[in-house]
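# A closer look at the structure
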Amino acid sequence: MKKMIIASTSTVFGSGYLAYLFPVLQLHFKNVKTITFIPYARPGGISYDDYTAIAKKAFATINIAVKGIHEFEHPKKAILNSEALFIGGGNTFELVNKLYKNDVLSDLKLAIENGIPYLGTSAGSNICGVDMKNTNDMPIVYPPSFKTLGCLSFNINAHYLDPEVGSTHMGETRETRIKEFHVFNKTPVLGLREGSWLSIEKDTITLQGRHTARFFLQNQKPVELESGAVILI
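Just so it is clear, the model here is predicted, and its values are computed rather than measured.

### Quick notes on the overall build of the protein chain
What the protein chain contains, in helices and strands, is seven helices and twelve strands. For 233 residues, the compact-globule estimate of 2.2 N^0.38 gives 17 Å, and the C-alpha radius of gyration of the protein chain, at 17 Å, lies within 12% of that figure. Along the first, second and third principal axes, the C-alpha atoms of the protein chain reach 50 × 35 × 35 Å. The 233 residues of the protein chain split such that 50% are buried. Considering only contacts within the protein chain whose residues lie at least 6 apart along the sequence, 68% involve residues at least 24 apart. Put simply, the protein chain shows about 11500 Å² of open surface, and 54% of that area lies on carbon and sulfur atoms. Considering the protein chain, the positive charge centre built from 24 side chains and the negative charge centre built from 21 side chains are found 3 Å apart.

### Topic: the packing of aromatic side chains
Inspection of the entire model under this criterion finds ten aromatic pairs. Seen from their ring centres, Phe-59 and Phe-86 are 5.8 Å apart, and the 65° between their planes marks the pair as edge-to-face. Of this pair, Phe-59 sits in helix α2 (residues 48-60) while Phe-86 is found in strand β4 (residues 85-87), placing the two residues 27 residues apart along the sequence. You can call Phe-59 buried: its relative accessible area is 0%. The class of Phe-86 is buried, set by a relative accessible area of 0%. On the basis of an interplanar angle of 45° and a centroid distance of 6.4 Å, the ring pair of Tyr-142 and Phe-146 is categorised as tilted. Here Tyr-142 falls in the exposed class, since its relative accessible area comes to 72%. For Phe-146, a relative accessible area of 32% gives the class partly exposed.

### Some remarks on the sheet that holds strand β6 (residues 155-158)
The strand order across the open sheet built from four strands is β6-β7-β10-β11, with neighbouring strands paired in mixed fashion. Bordering the open sheet on either side are β6 and β11 (223-225), each of which pairs with just one other strand. Between one strand axis and the next, the sheet turns by 25° as a mean value, whatever way the strands run. Here three bridges tie strand β10 (residues 213-216) to β11, and the two strands are oriented antiparallel to one another.

### Remarks on the sheet that holds strand β5 (residues 118-121)
One open sheet holds the eight strands; their spatial order is β3-β2-β4-β5-β1-β8-β9-β12, and the pairing between them is mixed. Looking at strand neighbours, the two that pair on one side only are β3 (65-68) and β12 (230-231), the edges of this open sheet. Pairing geometry for strand β2 (residues 34-38) and β4, over three bridges, is parallel. Bridging across to β4, Ile-38 finds its partner in Ile-87. With respect to the sheet, α2 is in contact with β2, β3, β4 and β5, its orientation differing from that of β3 by roughly 165°.

### What about the pattern of salt bridges?
In this structure the tally under the stated criterion is 13 salt bridges. For the salt bridge of Lys-56 with Glu-71, the shortest nitrogen-to-oxygen distance reads 4.0 Å. Of the two residues, Lys-56 is situated in helix α2 and Glu-71 in the loop between β3 and α3 (75-80); the sequence distance between them amounts to 15 residues. For Lys-56, a relative accessible area of 35% gives the class partly exposed.

Conventions we followed
Residues numbered from 1 in each chain as written. Predicted model: local features only at pLDDT ≥ 70, side-chain atom pairs only at ≥ 80, totals over all residues. Heavy atoms only, no water. Helix = DSSP H or I, 4+ residues; strand = E, 2+ residues; numbered from the N terminus. Rg over C-alpha atoms; globule rule 2.2 N^0.38 Å. Buried < 20%, exposed > 50% of the residue type's maximum accessible area, 1.4 Å probe, protein only. Contact = heavy atoms within 4.5 Å. Areas by Shrake-Rupley, 256 points an atom, 1.4 Å probe, with all protein chains shown as cover. Lys, Arg positive; Asp, Glu negative; His and termini not counted. Charge placed at Lys NZ, Arg CZ, Asp CG, Glu CD. Phe/Tyr/Trp six-rings, centres within 6.5 Å; stacked < 30°, edge-to-face > 60°. Pairing = 2+ DSSP bridges. Axes fitted to C-alpha atoms, helices over the stretch in contact; angles between N-to-C directions. Salt bridge = Lys/Arg side-chain N within 4 Å of Asp/Glu carboxyl O.

Written out as C-alpha coordinates, the structure reads:
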(Lines give C-alpha, C1' and ligand atoms only; values in the text may rest on other atoms or scores of the structure.)
Protein backbone atom coordinates (compact mmCIF):
# COMPACT_ATOMS: atom_id res chain seq x y z
CA MET A 1 0.00 0.00 0.00
CA LYS A 2 3.00 2.32 -0.28
CA LYS A 3 2.38 5.86 -1.50
CA MET A 4 5.72 7.63 -1.77
CA ILE A 5 7.54 10.43 -3.55
CA ILE A 6 11.31 9.95 -3.33
CA ALA A 7 13.05 13.01 -4.75
CA SER A 8 16.75 13.64 -5.31
CA THR A 9 16.53 17.18 -3.96
CA SER A 10 14.18 19.64 -2.27
CA THR A 11 15.32 22.56 -4.42
CA VAL A 12 16.35 22.81 -8.06
CA PHE A 13 18.44 25.71 -9.34
CA GLY A 14 16.43 28.90 -9.72
CA SER A 15 13.42 27.58 -7.78
CA GLY A 16 12.12 27.90 -4.24
CA TYR A 17 12.04 25.16 -1.63
CA LEU A 18 9.97 22.22 -3.01
CA ALA A 19 8.45 24.52 -5.66
CA TYR A 20 9.27 22.26 -8.61
CA LEU A 21 7.33 19.45 -6.89
CA PHE A 22 4.20 21.43 -5.95
CA PRO A 23 2.02 20.10 -8.81
CA VAL A 24 2.98 16.53 -7.87
CA LEU A 25 2.58 17.13 -4.14
CA GLN A 26 -0.89 18.58 -4.52
CA LEU A 27 -2.00 15.23 -5.92
CA HIS A 28 0.19 13.13 -3.65
CA PHE A 29 -1.18 14.84 -0.53
CA LYS A 30 -4.73 15.25 -1.76
CA ASN A 31 -7.14 15.70 1.20
CA VAL A 32 -4.20 15.97 3.64
CA LYS A 33 -4.55 18.88 6.06
CA THR A 34 -1.39 18.45 8.16
CA ILE A 35 1.96 16.83 7.40
CA THR A 36 4.24 15.52 10.12
CA PHE A 37 7.76 16.75 9.35
CA ILE A 38 10.86 14.97 10.67
CA PRO A 39 13.68 17.56 10.77
CA TYR A 40 16.41 15.29 12.15
CA ALA A 41 18.80 15.76 9.18
CA ARG A 42 19.34 19.43 10.15
CA PRO A 43 20.99 20.87 6.99
CA GLY A 44 23.83 23.16 7.98
CA GLY A 45 23.18 22.28 11.62
CA ILE A 46 20.06 24.46 11.88
CA SER A 47 17.59 23.89 14.70
CA TYR A 48 14.54 21.66 14.40
CA ASP A 49 12.31 24.73 14.79
CA ASP A 50 14.06 26.64 12.01
CA TYR A 51 13.98 23.67 9.67
CA THR A 52 10.30 23.05 10.38
CA ALA A 53 9.59 26.73 9.67
CA ILE A 54 11.07 26.29 6.17
CA ALA A 55 8.78 23.34 5.51
CA LYS A 56 5.78 25.20 6.92
CA LYS A 57 6.35 28.17 4.61
CA ALA A 58 6.64 25.93 1.56
CA PHE A 59 3.55 23.81 2.23
CA ALA A 60 1.47 26.87 3.08
CA THR A 61 1.70 27.62 -0.65
CA ILE A 62 -0.47 24.57 -1.33
CA ASN A 63 -2.61 25.05 1.80
CA ILE A 64 -1.16 22.24 3.90
CA ALA A 65 -0.08 22.72 7.52
CA VAL A 66 3.15 21.24 8.92
CA LYS A 67 4.00 20.12 12.44
CA GLY A 68 7.48 18.99 13.47
CA ILE A 69 7.89 15.59 15.09
CA HIS A 70 9.78 17.26 17.95
CA GLU A 71 6.60 19.16 18.83
CA PHE A 72 4.80 15.94 19.81
CA GLU A 73 4.98 14.44 23.27
CA HIS A 74 4.95 10.89 21.86
CA PRO A 75 6.79 10.78 18.49
CA LYS A 76 6.09 7.08 17.88
CA LYS A 77 2.33 7.62 18.15
CA ALA A 78 2.59 10.80 16.12
CA ILE A 79 4.15 8.97 13.20
CA LEU A 80 1.61 6.14 13.17
CA ASN A 81 -1.31 8.58 13.48
CA SER A 82 -0.05 11.05 10.88
CA GLU A 83 -2.04 12.06 7.81
CA ALA A 84 1.24 12.28 5.88
CA LEU A 85 5.00 12.32 6.48
CA PHE A 86 7.92 14.34 5.13
CA ILE A 87 11.66 13.98 5.73
CA GLY A 88 13.89 16.58 4.12
CA GLY A 89 17.55 16.80 3.26
CA GLY A 90 20.60 17.39 5.39
CA ASN A 91 23.06 14.93 6.86
CA THR A 92 21.99 11.31 6.43
CA PHE A 93 24.24 10.08 9.25
CA GLU A 94 22.58 12.41 11.73
CA LEU A 95 19.11 11.61 10.37
CA VAL A 96 19.61 7.86 10.75
CA ASN A 97 21.28 8.33 14.12
CA LYS A 98 18.25 10.20 15.50
CA LEU A 99 15.75 7.77 13.99
CA TYR A 100 17.49 4.98 15.89
CA LYS A 101 18.10 6.97 19.06
CA ASN A 102 14.42 7.99 19.23
CA ASP A 103 13.34 4.43 18.32
CA VAL A 104 11.05 5.50 15.48
CA LEU A 105 12.60 3.83 12.42
CA SER A 106 10.34 0.77 12.64
CA ASP A 107 7.30 3.00 13.22
CA LEU A 108 8.16 5.03 10.15
CA LYS A 109 8.45 1.88 8.05
CA LEU A 110 5.12 0.58 9.37
CA ALA A 111 3.39 3.90 8.65
CA ILE A 112 4.64 3.85 5.06
CA GLU A 113 3.61 0.22 4.59
CA ASN A 114 0.15 1.12 5.94
CA GLY A 115 -0.25 3.66 3.13
CA ILE A 116 0.45 6.95 4.91
CA PRO A 117 1.71 9.24 2.10
CA TYR A 118 5.45 9.89 2.37
CA LEU A 119 7.73 12.50 0.83
CA GLY A 120 11.48 12.17 1.09
CA THR A 121 14.06 14.52 -0.40
CA SER A 122 17.83 14.00 -0.42
CA ALA A 123 18.63 12.44 2.99
CA GLY A 124 14.93 11.62 3.32
CA SER A 125 15.29 9.67 0.07
CA ASN A 126 18.57 7.98 1.00
CA ILE A 127 16.89 6.24 3.93
CA CYS A 128 14.26 4.60 1.70
CA GLY A 129 16.78 2.08 0.38
CA VAL A 130 18.27 -1.05 1.89
CA ASP A 131 20.89 0.97 3.76
CA MET A 132 22.49 4.42 3.80
CA LYS A 133 25.86 3.38 2.34
CA ASN A 134 25.40 5.43 -0.83
CA THR A 135 24.89 8.79 0.83
CA ASN A 136 27.26 11.60 -0.17
CA ASP A 137 27.38 13.01 3.37
CA MET A 138 30.24 13.25 5.85
CA PRO A 139 30.01 10.82 8.80
CA ILE A 140 29.62 13.52 11.45
CA VAL A 141 28.02 11.04 13.87
CA TYR A 142 28.01 7.24 14.09
CA PRO A 143 24.50 5.77 13.92
CA PRO A 144 23.84 2.41 15.60
CA SER A 145 23.36 0.83 12.16
CA PHE A 146 23.57 1.76 8.48
CA LYS A 147 20.40 -0.27 7.83
CA THR A 148 17.47 1.95 6.86
CA LEU A 149 13.82 1.58 5.85
CA GLY A 150 14.17 -1.01 3.12
CA CYS A 151 11.13 0.33 1.26
CA LEU A 152 13.15 -0.19 -1.92
CA SER A 153 15.21 -3.21 -2.93
CA PHE A 154 18.00 -0.87 -4.06
CA ASN A 155 19.83 2.16 -2.68
CA ILE A 156 19.52 5.80 -3.72
CA ASN A 157 22.46 8.03 -4.54
CA ALA A 158 20.79 11.43 -4.43
CA HIS A 159 22.14 14.48 -6.30
CA TYR A 160 23.84 12.13 -8.75
CA LEU A 161 26.42 13.99 -10.83
CA ASP A 162 27.99 13.11 -14.16
CA PRO A 163 31.67 13.94 -14.78
CA GLU A 164 32.13 17.39 -16.34
CA VAL A 165 33.87 17.33 -19.71
CA GLY A 166 37.22 19.07 -19.39
CA SER A 167 37.09 19.22 -15.60
CA THR A 168 40.44 19.40 -13.76
CA HIS A 169 38.94 17.85 -10.61
CA MET A 170 41.09 14.88 -9.59
CA GLY A 171 38.75 13.29 -7.04
CA GLU A 172 36.52 10.29 -7.59
CA THR A 173 33.39 10.56 -9.70
CA ARG A 174 30.06 9.32 -8.34
CA GLU A 175 30.29 6.37 -10.73
CA THR A 176 33.73 5.48 -9.35
CA ARG A 177 32.44 5.57 -5.77
CA ILE A 178 29.49 3.35 -6.62
CA LYS A 179 31.83 0.89 -8.34
CA GLU A 180 33.89 0.84 -5.14
CA PHE A 181 30.71 0.10 -3.20
CA HIS A 182 29.95 -2.82 -5.52
CA VAL A 183 33.29 -4.47 -4.80
CA PHE A 184 31.94 -5.27 -1.34
CA ASN A 185 28.13 -5.02 -1.72
CA LYS A 186 25.54 -6.52 -4.07
CA THR A 187 22.78 -3.97 -3.48
CA PRO A 188 21.81 -2.15 -6.73
CA VAL A 189 22.15 1.64 -6.70
CA LEU A 190 20.07 4.26 -8.49
CA GLY A 191 21.88 7.50 -9.30
CA LEU A 192 19.03 10.01 -9.05
CA ARG A 193 19.77 13.35 -10.70
CA GLU A 194 18.46 16.64 -9.34
CA GLY A 195 15.01 17.45 -10.69
CA SER A 196 14.00 13.78 -10.81
CA TRP A 197 12.07 11.61 -8.40
CA LEU A 198 10.52 8.20 -7.90
CA SER A 199 6.77 7.82 -7.57
CA ILE A 200 5.68 4.70 -5.74
CA GLU A 201 2.08 3.48 -5.75
CA LYS A 202 1.70 0.16 -3.97
CA ASP A 203 4.58 -1.84 -5.51
CA THR A 204 4.96 0.11 -8.76
CA ILE A 205 8.07 2.33 -8.89
CA THR A 206 8.14 4.94 -11.67
CA LEU A 207 10.94 7.36 -12.52
CA GLN A 208 9.63 10.88 -13.08
CA GLY A 209 11.06 14.33 -13.71
CA ARG A 210 13.26 16.03 -16.24
CA HIS A 211 16.24 13.66 -16.34
CA THR A 212 17.24 10.07 -16.88
CA ALA A 213 18.57 8.12 -13.91
CA ARG A 214 21.63 5.88 -13.84
CA PHE A 215 21.13 2.36 -12.52
CA PHE A 216 24.09 0.35 -11.25
CA LEU A 217 24.21 -3.42 -10.74
CA GLN A 218 27.22 -5.28 -9.41
CA ASN A 219 29.59 -6.43 -12.21
CA GLN A 220 27.44 -4.90 -14.95
CA LYS A 221 27.58 -1.74 -17.02
CA PRO A 222 25.32 1.01 -15.67
CA VAL A 223 22.04 1.57 -17.50
CA GLU A 224 20.30 4.87 -18.23
CA LEU A 225 16.60 4.82 -17.34
CA GLU A 226 14.31 7.23 -19.15
CA SER A 227 11.80 9.38 -17.31
CA GLY A 228 8.56 7.41 -17.16
CA ALA A 229 10.35 4.08 -16.84
CA VAL A 230 8.93 1.54 -14.40
CA ILE A 231 11.70 0.05 -12.29
CA LEU A 232 11.34 -3.69 -11.99
CA ILE A 233 13.53 -5.18 -9.30
